[in-house]
Amino acid sequence: MFKKLHKLFNSRILWVSVLLFLEIALIVVFAYSIVGSFMSLLNLEEWQVWLILLALLYVVSFVIVVYIVNSHAKPPYKITWLVVVAIFPFLGAFLYLLFGNKKITYRQKRRVKPIFDLLSSNHVDRAISQKLGQENPDAIRIAEYIANASGADLYKNSRVTYYPSGEAVFPVMLEELKKAKSFIFIEYFIISPGTFWDSILKILVEKVKSGVDVRLIYDDVGSAGYVPLGYAKKLNALGIKTIVFHKFKPLLDVKINNRDHRKIMVIDGKVGFSGGINLADEYINKYSRFGYWKDNAIRIEGEAVYGLTTLFLTQWLILNNVDLSQINFSNNDYLKYFPSNIGVNDVGYVQPYGDLPYNEESVGERVYLNLIARANKYIYITTPYLIIDDEIINALTNAAKQGIDVRIITPHIPDKKITFRITRSHYRNLLKNGVKIYEYKPGFIHMKMFVVDDIFATVGTINLDYRSLYLHLENATFMYRTNCILDMKNDFLDSVRQSIEFTYESYKKYAAPRRFLWAFLRLFAPLL
């Protein structure tokens, strides 16, 4: 208990949150002082001033309501914010502008797309898409959607290796990092001192001394409970070029709700890693918080690594406010990060892609829906959270009604109890319509993976919840007929054997006394 209290009171997130609350309180006090000023200036009674202000607040709230209704957000997301604004007219509108409005600014749009396009348009074989189109019309439709929606390119001449746990990929990461000769790019939601990160850090320091260009991006909120204040300065002093994504400050900021949830590691442009794991010891089961931590990762070799390199460099250049005029391919400023002649002989197609919260395109969700729509035999899904809207529920139940084997694995041991309850509240309609749901009994399953018909798969960082689908920066990899897809399928089936299955009848008995609570919690699910 003492340890927990000590950790709580030393938490930067706690104290920044307290300061944010005080900042809001000061705004309220300031607003109250304005009332007094109006009373003196206009010679009005206090109740008259409050009436005027109340009218103004309702006008502002009405404008926000109109904006929310006409936005391109999902209906549940709109409904949640409409309820918040209705209950707290001014505060709700203020919170929506601060946390709920994810529309990209003109400045952001002007910077993101040109940088990504410039980086990704210099090393792609356009004939690959034509070849895939001849092989499988469904596959090329998914790939073309990803290309058009996110700018991500399709690659062949690549190999993907699947790792069914963090501890399986950990030594492989270390070995590949030791081989680095030119550069190492790392972008993760969480880094945390311990066996995993300390082992990587030791190698990074050695590589910096040998002249390797080492760059790191980590999310401030994701890592705040693990790394000390000023950690980035320490890393920079070691020669590791480090950027903290969206620093969590005691200042009201519209970007505070958008986090960098990506997991990307690129070594010399020849080898890349991604998947569900963060760089912390719980992801390799060095210590246990919620039972066994079941996660996964992939290693990409060959030309598809370009996709991960492009995602990282785009983020790096944006965060560094690099002017487009500084990006010059003619004198090899950036071509060195995309080495030639690194293709490997393997079957299949690979397409790493990213998803940004700043535009109106939910790429991760659309890829999931496209995979569901093209299934003929089975759809196997793993996700730590199942907080989905009617569109995904209807797609899954429609597939199950067609006789497609639809299975979902979620955790049996929760990391967040409220989120766990909301996840279970979504089981009812799925089970009723033939979807099979399992809970991973040994612990917490953190994998975000779709496997379809032995030929399609995607794996990455995108959870089936509102934060991942609409608010965070995410990444994943789409695959068609790569050799590792059967490894992913076998890992899924092995996880099923270790899981508890919910039937519709057993679920009804379990859910009956909790139905009202779950219904209430689901109202605010998009905010979690």
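Here, the structure is the one placed above.
From a predicted model like this one, the values you see are computed outputs, not experimental measurements.

What counts and what doesn't
Residues numbered from 1 in each chain as written. Predicted model: local features only at pLDDT ≥ 70, side-chain atom pairs only at ≥ 80, totals over all residues. Heavy atoms only, no water. Core = buried A, V, L, I, M, F, W, Y, C linked by side-chain atoms within 4.5 Å. Buried < 20%, exposed > 50% of the residue type's maximum accessible area, 1.4 Å probe, protein only. Contact = heavy atoms within 4.5 Å. Pairing = 2+ DSSP bridges. Helix = DSSP H or I, 4+ residues; strand = E, 2+ residues; numbered from the N terminus. Axes fitted to C-alpha atoms, helices over the stretch in contact; angles between N-to-C directions. Phe/Tyr/Trp six-rings, centres within 6.5 Å; stacked < 30°, edge-to-face > 60°. Lys NZ or Arg CZ within 6 Å of the ring centre and 35° of its normal. Parallel < 35°, antiparallel > 145°, perpendicular 65-115°, else oblique. Nonpolar A, V, L, I, M, F, W, Y, C, P; charged D, E, K, R; others polar. Salt bridge = Lys/Arg side-chain N within 4 Å of Asp/Glu carboxyl O. Expected span 1.5 Å × (residues − 1). Arc of directions from axis to C-beta. Patch = residues over 30% accessible without salt bridge, like charges linked within 9 Å, V, L, I, M, F, W, Y side chains within 5 Å. Areas by Shrake-Rupley, 256 points an atom, 1.4 Å probe, with all protein chains shown as cover.

Another point: the nonpolar core. Residues Tyr353, Ile379, Leu396, Leu430, Phe456 and Phe478 are the most contacted members of the largest nonpolar core, which totals 65 residues. Excluding residues that lie within four positions of it along the chain, phenylalanine 478 makes contacts with Ala139, Ile142, Ala143, Ile146, Tyr349, Val350, Gln351, Tyr353, Leu371, Phe456, Ala457 and Thr458. Judged by nonpolar contacts, the second largest core, of 46 residues, contains Tyr155, Trp316, Leu317 and Val451.

Pairing between sheet strands relies on hydrogen bonds along the backbone, with the strands arranged either parallel or antiparallel. Taken in spatial order, the 7 strands of this open sheet run β1-β8-β6-β5-β2-β3-β4, and their pairing is mixed. Each having just a single partner strand, β1 (158–163) and β4 (241–245) make up the two edges of the open sheet. Here the strands of the sheet are splayed against their neighbours by 10° on average, with no regard to which way each runs. Where strand β5 (residues 263–267) and strand β6 (residues 271–275) come together, 3 bridges link them in antiparallel fashion. Within β6, the residue paired with valine 266 across the bridge is glycine 272. In this fold helix α13 (residues 305–319) packs onto β2 (183–188), β3 (213–219), β4, β5, β6 and β8 (297–302), with an angle of close to 75° to the strand it touches most, β3.

Moving on, we get to the packing of aromatic side chains. For any two aromatic rings, the description comes down to two numbers: the centre-to-centre distance and the angle of the planes. Inspection of every chain in the model, using the stated rule, returns 23 aromatic pairs. A centroid spacing of 6.3 Å and a plane angle of 55° characterise the contact between phenylalanine 290 and phenylalanine 444, whose relative ring orientation is tilted. With phenylalanine 290 in the loop between β6 and β7 (292–294) and phenylalanine 444 in strand β13 (residues 443–445), the pair connects residues that are 154 residues apart, well separated along the chain. The residues phenylalanine 290 and phenylalanine 444 share a single accessibility class, namely buried. Aromatic side chains tyrosine 306 and phenylalanine 338 sit 5.7 Å apart centroid to centroid with 70° between the ring planes, which places their arrangement in the edge-to-face category. On the criterion of sequence distance, the pair formed by tyrosine 306 in helix α13 and phenylalanine 338 in the loop between α13 and β9 (349–355) is long-range, its members being 32 residues apart. Under the relative-accessibility criterion, tyrosine 306 is labelled buried at 5%. Exposure remark for phenylalanine 338: the relative accessible area of 6% places this residue in the buried category. In textbook terms, an aromatic cluster arises when at least three aromatic residues are bridged by ring pairs, as seen for Phe183, Phe185, Phe312, Trp316 and Tyr337. When the ring centre of tyrosine 349 is taken as origin, the NZ or CZ atom of lysine 156, which lies over that ring, is 4.3 Å away.

Taken N-terminus to C-terminus, the directions of helix α9 (residues 166–178) and helix α10 (residues 195–209) make an angle of 5°; their axes are 10 Å apart at the nearest point. By the criterion of interaxial angle, the relationship of α9 to α10 is roughly parallel. Mapping the contact onto sequence places Phe170, Met173, Leu174, Leu177 and Lys178 in α9 and Thr195, Phe196, Ser199, Ile200, Ile203, Leu204 and Lys207 in α10. For the contact of α9 with α10, the per-class residue count stands at 8 nonpolar, 2 polar and 2 charged.

So, on to the pattern of salt bridges. Considering all chains together, one arrives at 21 salt bridges under this definition. Glutamate 282 is the partner of arginine 289 in a salt bridge, and the nearest nitrogen-oxygen pair spans 3.2 Å. In this structure, lysine 436 engages aspartate 405 in a salt bridge whose closest nitrogen and oxygen atoms are separated by 3.7 Å. Here lysine 436, found in strand β12 (residues 436–440), pairs with aspartate 405, found in strand β11 (residues 405–411); they are 31 residues apart in sequence, far enough to count as distant.

A word on the sheet that holds strand β17 (residues 499–502). Here 8 strands make up an open sheet; going across it, the order is β9-β16-β15-β14-β10-β11-β12-β17 and the pairing mixed. Two strands bound the open sheet, and with one partner strand each, they are β9 and β17. Sheet twist, expressed as the mean angle between neighbouring strand axes with direction ignored, is 20°. Here strand β10 (residues 378–382) pairs with β11 via 5 bridges, running parallel. Pairing of tyrosine 380 across the sheet is with arginine 407, part of β11.

This part covers the environment of phenylalanine 290. Here phenylalanine 290 falls in the buried class, since its relative accessible area comes to 16%. In this structure, the C-alpha to C-alpha distance between phenylalanine 290 and glycine 443, residues 153 residues apart in sequence, is 5.6 Å. If sequence neighbours within four positions are ignored, phenylalanine 290 has contacts with Ile413, Pro414, Asp415, Gly443 and Phe444.

Compared with the 18 Å implied by 1.5 Å per residue over 13 residues, the 19 Å span of helix α19 (residues 485–497) between its first and last C-alpha is a close match. Where α19 is concerned, the buried positions are Ile485, Met488, Lys489, Asp491, Phe492, Ser495 and Val496. Taken end-on, α19 shows its buried residues confined to a sector of 160°, consistent with a single buried face.

The next subject is the packing of helix α7 (residues 127–135) against helix α8 (residues 137–150). How two helices sit against one another is set out by the angle between their axes and by the gap between those axes. For the pair α7 and α8, the least separation of the axes is 6 Å and the interaxial angle reads 145°. Every residue of α8 that contacts α7 at Ser129, Leu132, Gly133 and Glu135 is listed here: Pro137, Ala139, Ile140, Ala143 and Glu144. Of the residues contributing to the contact of α7 with α8, the split by class is 5 nonpolar, 2 polar and 2 charged.

Bringing the pairing of β4 into the picture now. For β4, the tally of buried residues reaches 4 of 5 residues, placing the bulk of the element in the interior. Relative to β4, β3 runs parallel, the two being bridged by 5 bridges. Each residue of the ladder has a partner; that of isoleucine 217, found in β4, is isoleucine 243.

What follows deals with a nonpolar patch on the surface. A surface patch of nonpolar side chains, amounting to about 370 Å² of accessible area, comprises Val59, Phe62, Val63 and Val66. Along the polypeptide, valine 59 turns up in helix α3 (residues 46–69).

All right, on to the environment of valine 459 then. Take valine 459: it is sitting in strand β15 (residues 456–460). With 18 residues separating them in the primary sequence, valine 459 and threonine 477 have C-alpha atoms 5.6 Å apart. Apart from the residues lying within four places of it in its own chain, the contact partners of valine 459 are Asn296, Ile298, Lys448, Met449, Ala476, Thr477, Met479 and Met488.

One non-glycine residue with positive phi stands out, namely asparagine 157, at about 50°. With respect to the element layout, asparagine 157 can be found in the loop between α8 and β1. According to the relative accessible area criterion, asparagine 157 is partly exposed, its value standing at 34%. Of note in the backbone geometry, aspartate 454 takes a positive phi value of approximately 70° without being a glycine.

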